[in-house]
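Fold and contact review
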Amino acid sequence: MKQVIVITGASSGFGALAARELAKAGHTVYASMRATETRNVPQVEAANKFAQENNVDLRTVELDVASQDSVDAAIQQILSEAGHLDVVIHNAGHMVFGPTEAFTTEQLAAAYDVNVLSTQRVNRAALPVLRKQGQGLVVWVGSTSTRGGTPPYLAPYFAAKAGMDALAISYAGELARWNVETSIIVPGAFTSGTNHFANAGAPADKARLAEYEAGPTATLAAEIMKGFEATAVPDADVLDVAKAIVEVVNMPFGTRPLRVHIDPADDGAEIVNGVADRVRSELLKNMGLADLLRPSKAK
């Protein structure tokens, strides 16, 4: 069934790929991004070209996840054009790399803002629409870093993704009786096919960074990147993440899984998440809240 979908952070990476795959699957897709009239003009043109060449309904919309006003305006534009909204996909995020101590407190706050608070801004704009309609889907693009094996030097990003995952789990229970479904897509580390590492933020405290680069951790950054390369699966295709999102969106209402892992390197997150999700399920059942495990209309 054709659905109206908005996906954040769709100028590149998982977001751009998922937007195109969803459009090819027959949906109306709003690939949202900021700076559509300046920095991201090439991305807007590329999306428009893809839509024309493939005869699909892929649109772009200005949406800065750091601004509630921008988010509100984007959701209203979608509603005015499409008449409704069925699926919200939280994909916007930003990675940072370096010794944690060398990041300022403000940098940690900024990482939390783009990876966590952005989802709250979008939810506050979009969820009233989905709840009023009586049905919908929220997809969260998370990370195996929240519970898988993780190396150092990515702490601000990993901490933020863990925060987003915790938020997603709470929302899942709170939205179930409103018949709004939740799925968390859990990608592993893809060292190619995205701009995560290439565009990763660096520590602002250069003096503190210099201490780490001159001390016993002088080679640690290079060792970590070498380790990523050593554990990466050579034929891992980042497009698999986009395809997993399409598969979840296309599933019948009430049948979608809470989590879908796409982790070629198998860092252990699927095992740990499986335990954590089972514990959550058992607790809700013991509390007499088993109905929160899936939308009320799902039988």
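As shown above, the structure is provided for reference.
Details of the sheet that holds strand β1 (residues 4–7)
Across the sheet, which stays open at both edges, the seven strands sit in the order β3-β2-β1-β4-β5-β6-β7 with parallel pairing between neighbours. Every other strand in the sheet has two partners, leaving β3 (58–62) and β7 (259–262) as the edge strands with one partner each. Strand-to-strand twist across the sheet, computed as the mean angle between neighbouring axes with direction ignored, equals 20°. Pairing of β1 with strand β4 (residues 87–90), which is carried by three bridges, proceeds in the parallel orientation. When the bridges of β4 are listed, I7 appears paired with I89. Those strands touched by helix α3 (residues 68–82) are β1, β2 (28–33) and β3, and its axis lies near 145° from that of β3.

Here we look at unusual backbone geometry
Non-glycine residue A35 carries a positive phi angle of around 55°. Assignment of secondary structure puts A35 in the loop between β2 and α2 (41–54). Among the residues examined, A35 registers a relative accessible area of 17% and is labelled buried. Positive phi values are uncommon outside glycine, yet N179 reaches one of about 65°. On the secondary structure map, N179 appears in the loop between α5 (155–176) and β6 (180–187).

With respect to the pattern of salt bridges
On inspection of all chains with the given rule, the structure shows 14 salt bridges. D57 is paired through a salt bridge with R59; the nearest N and O atoms lie 2.8 Å apart. Accessibility expressed as a relative area gives 27% for R59, which makes it partly exposed. For R121, the salt bridge identified is with D113, shortest N-O distance 2.9 Å. Residues joined in a network through salt bridges with shared partners are K2, D57, R59 and E81.

Basis of the calculations
- Residues numbered from 1 in each chain as written.
- Predicted model: local features only at pLDDT ≥ 70, side-chain atom pairs only at ≥ 80, totals over all residues.
- Heavy atoms only, no water.
- Pairing = 2+ DSSP bridges.
- Helix = DSSP H or I, 4+ residues; strand = E, 2+ residues; numbered from the N terminus.
- Axes fitted to C-alpha atoms, helices over the stretch in contact; angles between N-to-C directions.
- Contact = heavy atoms within 4.5 Å.
- Buried < 20%, exposed > 50% of the residue type's maximum accessible area, 1.4 Å probe, protein only.
- Salt bridge = Lys/Arg side-chain N within 4 Å of Asp/Glu carboxyl O.

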